[in-house]
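# Coordinate inspection notes
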Amino acid sequence: MRFGVVVETDVGVANRILEAGERSLEALLNSFDGLVQLTVKAYYDQDEALKHLLHERPDLRELRNQTGTGPAFYHSQLRLGEAIAMGLEALASADGSMLYDQLTGLAERIVLGDVTGKNQVLDAALLVQRRARTRTDEGIARLSRTLPDRLRLRYIGPQPPYSFVDGQLAGESVWA
């Protein structure tokens, strides 16, 4: 169920949810039998990401060297900040794609969530057979060891496969 669903009594739960949606709920539960969700989130070490960007982009180094301090340099500081922000955004997009490619062989399905946190590069939910969990754990460990210094992984699970359930499929009203 989605967060925030309110049913007043146990009888209400039985009538409105369990009995009314028995077939679809049973089919939904059966479709996830033996599966778990594992979540992988990737974040930047901000200092390392900035070092990498400046190393790879001589134009940014030159702009940084031309920028001084004080009111006379306001516009060049602004240009530098905008250029760095765009560079980090492009780097995050490329790193997110690279990580997604690395994860595809480790899961039955992958759902990408919105990247919302500060310095976050990837938010991926992996649907994995419970019996294949060790192989996935080992794959994530290998990936972690080969990442550039600018990237850090956070690996969470096992979890219920909530990222793979569509509200309409589960028979719930989707109102938000």
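The coordinates are above.
Strand order across the open sheet formed by 4 strands is E2-E3-E1-E4, with antiparallel pairing between neighbours. Whereas interior strands pair on both sides, the edge strands pair on one side only; in this sheet they are strand E2 (109–112) and strand E4 (151–159). For this sheet, the mean angle separating the axes of adjacent strands, direction not counted, is 20°. Bridge count between E2 and strand E3 (residues 120–129): 4 bridges; the pairing is antiparallel. The residue bridging Arg109 from the neighbouring strand is Leu127, located in E3.

Let us look at the pattern of salt bridges. Under the counting rule described, the total for this entry stands at 6 salt bridges. Across the salt bridge formed by Arg152 and Asp45, the nearest N and O atoms sit 3.4 Å from each other. Here Arg152, found in strand E4, pairs with Asp45, found in the loop between strand E1 (35–44) and helix H3 (46–56); they are 107 residues apart in sequence, far enough to count as distant. Judged by its relative accessible area of 41%, Arg152 is partly exposed. In this structure, the salt-bridge partner of Lys51 is Glu48, at a minimum N-O distance of 3.3 Å. Here Lys51 and its partner Glu48 are both found in helix H3, 3 residues apart, which amounts to about one turn of the helix.

So, about the side chain of Asp95. With respect to the element layout, Asp95 can be found in helix H5 (residues 74–103). Beyond its immediate sequence surroundings of up to four residues, Asp95 is in contact with Tyr44, Val121, Arg150 and Leu151.

On to the packing of helix H4 (residues 58–66) against H5, then. The interhelical angle for the contact between H4 and H5, taken along N-to-C directions, is 155°, at an axis separation of 10 Å. Viewed along their axes, H4 and H5 adopt a mutual orientation that is roughly antiparallel. For the pair H4 and H5, the sense of crossing is left-handed. Facing H4, whose interface residues are Leu60, Leu63 and Arg64, H5 presents Arg79, Leu80, Ala83 and Ile84. Looking at the contact of H4 with H5 residue by residue, the classes come out as 5 nonpolar, no polar and 2 charged.

What follows deals with the nonpolar core. Among the nonpolar cores identified, the biggest contains 23 residues, and Tyr44, Leu99, Leu103, Val121, Leu126 and Val128 are the most heavily contacted of them. Listing elements by their share of this core, those giving two or more residues are E1, H5, E3 and helix H6 (133–146). Setting aside its immediate chain neighbours within four residues, Leu103 contacts Val40, Ile110, Leu122, Ala124, Leu126, Ile140 and Leu143.

Quick notes on the rules
Residues numbered from 1 in each chain as written. Predicted model: local features only at pLDDT ≥ 70, side-chain atom pairs only at ≥ 80, totals over all residues. Heavy atoms only, no water. Pairing = 2+ DSSP bridges. Helix = DSSP H or I, 4+ residues; strand = E, 2+ residues; numbered from the N terminus. Axes fitted to C-alpha atoms, helices over the stretch in contact; angles between N-to-C directions. Salt bridge = Lys/Arg side-chain N within 4 Å of Asp/Glu carboxyl O. Buried < 20%, exposed > 50% of the residue type's maximum accessible area, 1.4 Å probe, protein only. Contact = heavy atoms within 4.5 Å. Parallel < 35°, antiparallel > 145°, perpendicular 65-115°, else oblique. Left-handed = near helix turned anticlockwise from the far one by under 90°. Nonpolar A, V, L, I, M, F, W, Y, C, P; charged D, E, K, R; others polar. Core = buried A, V, L, I, M, F, W, Y, C linked by side-chain atoms within 4.5 Å.

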